[in-house]
Amino acid sequence: MTDTGSTDHVRATLPTPVSTASFWHSEPSEFLFGHRTTDDLPAAADIVIVGSGITGASIARFLAEDERAKGKSIVMLEAREACWGATGRNGGHCQPLLFDRGPEVAAFELKNVHAVQSYIEAHNVPCEWRSVSGCRTFWKEDLIQEAEEAIKELKEAAPDIGKMVTIIKDAAELAKHRVHPSCTGATLTEGAASLWPYKYVTFILEKLVKEGILNLQTTTPVTSITSTPSTFASNNNPPKPLYTLHTPRGPISTTTLLLATNGYTSSLLPSFADLIVPVRGTMSALLPPPAATLLPNSYGMVGALDQPKTADDYLVQRPYSGVPNPAAHYMFGGGRGASSLPCIGVSDDSVLDTGAAAYLRTALPKVLDLGPDSKPGDELEAVQQWTGIMGYSRDDHPWVGAVPDMPGVWLAGGYTGHGMPNGSLCGKAVVGMALAALEGKGEGVGEAMVDRGEMPRAYLISKERIERTRRLPTVEVQDLQGGFRV
């Protein structure tokens with residue numbers, strides 16, 4: 001099924017030069033802001049990465065950790081400042097969804113969270129990492145029943161993962177987690193966390209730049225990609241296409257191109273316009289009521305306050321940490337059902353949706369116990385409200401692997417608003433595939449990763465998957481029918 005009138009077929013635009021101000025950017029990296037490792041854009045590089053969010057940074061990190069990439073020149077191009085796209089605008093969650101997309105995906109997301117936490121602990125990254133349980137609340141009986149059925153299937157198929165999820169419906173139990181008694185039920189999931197995502201990503205990038213491994217070129221948007229036959233072969237391999245990335249500062253050429261462009265992917269790969277669709281979301285940093293105490297969980301709200309079930313709300317709270325953070329802001333996002341502007345097919349984050357923003361300021365006192373001086377009807381003070389662009393996948397799975405008919409081009413993106421517990425190891429996967437291909441050993445590498453449990457089979461890019469996906473309803477139609485959930 002296809003819908004030629006759908007916004008799904010509208011090609012994403014480049015990131016807008018000016019964007020709404022994200023709270024996560026309120027403490028920008030002095031080293032990286034405006035950074036260009038070399039004054040001039042190199043004319044060529046062995047490997048070029050486009051995008052500097054969690055996927056792009058992870059690609060650079062895993063290249064640095066792989067001996068096969070030693071000595072290769074690596075250039076990263078970013079349209080705006082470092083980590084100025086979705087990762088620098090998201091909800092601050094690192095939450096695996098264990099019963100939504102099957103055991104294989106659940107296991108992979110748990111590994112991602114562990115990979116992020118391990119790096120933070122090993123390098124003492126100051127990014128407010130806080131391990132919590134994820135409390136997902138359901139506000140209609142059919143929604144909690146749907147969750148219960150999915151959890152039952154998970155426990156049967158993968159008992160070790162299933163035991164990490166608990167269902168609570170008792171009002172007293174819900175109250176312990178500060179959930180309003182009108183909620184029909186909730187799930188508690190182990191292994192979740194919150195963090196300051198921009199600080200995590202920029203730590204990685206700054207480290208790699210200072211070590212001389214990465215040449216980072218910010219405010220260098222790629223406007224188009226062209227290819228010509230390469231005139232040389234390497235490692236007894238046949239010649240590969242030479243890709244030229246065109247930017248306002250001039251061209252840069254490479255035979256190995258890794259795209260970490262998520263919602264903006266179709267601006268460079270028009271053939272993906274109906275497969276990865278930009279969707280505009282709204283976020284806020286809110287001040288808690290004066291007598292509020294730290295919330296015990298991260299939260300998701302499904303079907304709350306008459307929101308459609310495809311438009312979950314999501315919340316983490318920054319930890320109290322003295323002078324740097326006396327406020328312990330509620331980092332609250334969602335409200336898409338209250339939007340006053342179009343969301344699907346939109347790649348412009350320079351405009352704030354006032355309808356969604358107003359909803360975010362008033363929703364929390366109606367669904368959570370925020371303390372003795374909070375009541376339904378209160379409006380919380382917003383320190384900051386902003387917009388971010390997600391990349392929704394038409395088949396609800398990320399796209400990871402070689403881009404068909406473009407040898408040497410690799411993609412990791414299309415996270416459907418769920419990139420933090422996916423991007424790190426998706427980035428590692430494309431690094432493994434790309435480096436194997438450079439050695440002439442790329443055939444079947446993705447399948448081997450799946451067999452070793454390093455990546456879900458559903459994530460692998462193939463022509464067959466593209467054809468199969470194009471028989472599904474479009475992202476816009478699925479969203480209207482209730483087929484997507486962040």
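Residues numbered from 1 in each chain as written. Predicted model: local features only at pLDDT ≥ 70, side-chain atom pairs only at ≥ 80, totals over all residues. Heavy atoms only, no water.

By the naming in an unreviewed UniProt entry, the protein chain is FAD dependent oxidoreductase-like protein, taken from Mytilinidion resinicola.

Chemist: So what about the sheet that holds strand β8 (residues 241–247)? Which residues, and what values?
Modeler: One open sheet holds the three strands; their spatial order is β7-β8-β9, and the pairing between them is antiparallel. Strand pairing shows two members of the sheet lacking a second neighbour, β7 (224–229) and β9 (250–254), which therefore form its edges. Ignoring which end each strand starts from, the neighbouring axes of this sheet average 25 degrees apart. Sheet analysis places β8 next to β9, joined by five bridges and oriented antiparallel. Pairing of T244 across the sheet is with S253, part of β9. (Pairing = 2+ DSSP bridges. Helix = DSSP H or I, 4+ residues; strand = E, 2+ residues; numbered from the N terminus. Axes fitted to C-alpha atoms, helices over the stretch in contact; angles between N-to-C directions.)

Chemist: Summarise the layout of surface pockets; cite the residues concerned and give the values.
Modeler: As a volume, the largest pocket reaches approximately 700 Å³. Taken together, 32 residues line the largest pocket, and the ones lying closest to its centre are A402, W410, G442, G444 and I461. Mapped by element, the contributors of at least two residues to the lining of the largest pocket are β16 (399–402), β17 (409–413), α8 (423–438), α9 (445–451) and α10 (463–469). A per-class count over the lining of the largest pocket returns 15 nonpolar, eight polar and nine charged. (1 Å grid on protein atoms, 1.4 Å probe; cavity = no way out; pocket = protein on both sides within 12 Å on 5 of 7 lines; lining within 4 Å. Points joined across faces, edges and corners; volume = space filled by probe spheres on them. Nonpolar A, V, L, I, M, F, W, Y, C, P; charged D, E, K, R; others polar.)

Chemist: For helix α6 (residues 197–210), give the residues involved together with the corresponding values.
Modeler: Taking 1.5 Å as the rise per residue, α6 with 14 residues should run 20 Å; its terminal C-alpha atoms sit 20 Å apart, in good agreement. Listing the buried residues of α6 in full gives P197, Y198, Y200, V201, T202, I204, L205, L208 and V209. (Expected span 1.5 Å × (residues − 1). Buried < 20%, exposed > 50% of the residue type's maximum accessible area, 1.4 Å probe, protein only.)

Chemist: Could you give an account of the packing of aromatic side chains, with specific residues and numbers?
Modeler: The tally for this structure, following the rule as stated, stands at nine aromatic pairs. With a centroid separation of 6.1 Å and 85 degrees between ring planes, the pair formed by Y119 and Y200 is classed as edge-to-face. Highlighted residues: Y119 in helix α2 (residues 103–123) and Y200 in helix α6, separated in sequence by 81 residues. Exposure class is identical for Y119 and Y200. Each is buried. (Phe/Tyr/Trp six-rings, centres within 6.5 Å; stacked < 30°, edge-to-face > 60°.)

Chemist: Run through the pairing of β16, naming residues and quoting values.
Modeler: The pairing of β16 with β17 spans four bridges and is antiparallel. Bridge pairing in β17 places V400 opposite A412. The hairpin formed by β16 and β17 contains six residues between the paired strands, and D405 there has a positive phi angle of roughly 65 degrees.

Chemist: Can you break down the environment of S19 residue by residue, with the values?
Modeler: With respect to the helices and strands, S19 occurs in the segment before β1 (47–50). Spatially, the C-alpha atoms of S19 and L352 are 9.4 Å apart, while their sequence positions differ by 333 residues. In contact with S19, not counting residues within four places along its chain, are R80, W84, R89, D349 and S350. (Contact = heavy atoms within 4.5 Å.)

Chemist: Quick rundown of the nonpolar core? Include the residues and the values.
Modeler: Among the nonpolar cores identified, the biggest contains 70 residues, and L63, W129, Y200 and M433 are the most heavily contacted of them. Take this core: its biggest share by element is 11 residues, from α8. Residue contributions to this core reach at least three from each of two domains, namely domain 1 (23–87 + 199–274 + 395–481) and domain 2 (131–192 + 277–392). Beyond its immediate stretch of four places on either side in the chain, W129 contacts C94, V113, V116, Q117, I120, A193, S194 and L195. Counting 25 residues, the second-largest nonpolar core is a separate cluster that includes L188, A292, M301 and L364. (Core = buried A, V, L, I, M, F, W, Y, C linked by side-chain atoms within 4.5 Å. Domains from an automatic or database assignment.)

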